[in-house]
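Chain by chain, the residues run as shown.
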Amino acid sequence: MSDEFKDMEEFDDDDMEVVTMIDDETGEEVEFVVIDRREMNGMEYILVIDSKDIDCDEADASVLKAVSESDDEITYSVIDDAEEFAAAAKLFDGEDYEVEY
């Protein structure tokens, strides 16, 4: 899947929400910038881009889903189910993003 975000210049560093994910295989922390949020069937999905690619006009993005929430933390996960992934990716397909999946 590739989501190309076209208008990165509209984001100000102070306005960016950052989420940190931990790679299960390497244990490495990776920071992502949240580009957009959408909801479907009571589940929250976010469109994110790796923070190191924030200045790239044609950077690839990913769709993650919220899988649990506590008072101070939300846990996001990649979407393993192909049908759910396709439906979630369509949430972000429109004027602002070019979605390929």
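Look up a bit, the structure's there.
Residues numbered from 1 in each chain as written. Predicted model: local features only at pLDDT ≥ 70, side-chain atom pairs only at ≥ 80, totals over all residues. Heavy atoms only, no water.

(A) Structural view of the pattern of salt bridges. Applying the stated criterion to the full structure yields four salt bridges. Between Glu17 and Arg37 there is a salt bridge, with its nearest N and O atoms 2.5 Å apart. Of this pair, Glu17 sits in strand S2 (residues 17-22) while Arg37 sits in strand S3 (residues 29-40), placing them 20 residues apart in sequence. Accessibility expressed as a relative area gives 30% for Arg37, which makes it partly exposed. Between Asp36 and Arg38 there is a salt bridge, with its nearest N and O atoms 2.7 Å apart. By relative accessible area, Asp36 is classed as buried at 17%. Look at Arg38 and you get partly exposed, because its relative accessible area is 32%. Several salt bridges converge on common partners, so that one network encompasses Glu17, Arg37 and Glu44. (Salt bridge = Lys/Arg side-chain N within 4 Å of Asp/Glu carboxyl O. Helix = DSSP H or I, 4+ residues; strand = E, 2+ residues; numbered from the N terminus. Buried < 20%, exposed > 50% of the residue type's maximum accessible area, 1.4 Å probe, protein only.)

(B) Seen up close, the pairing of strand S4 (residues 43-50). Judged by how many residues are buried, S4 sits mostly within the fold: six of eight residues are covered. Pairing of S3 with S4, which is carried by eight bridges, proceeds in the antiparallel orientation. Counted as the bridge partner of Phe32 is Asp50 from S4. The loop that links S3 with its antiparallel partner S4 comprises two residues; one of these, Asn41, has a positive phi angle of about 50°. The pairing of S4 with strand S5 (residues 60-69) spans five bridges and is classified as antiparallel. Bridge assignment links Ile49 to a residue of S5, and that residue is Ala61. (Pairing = 2+ DSSP bridges.)

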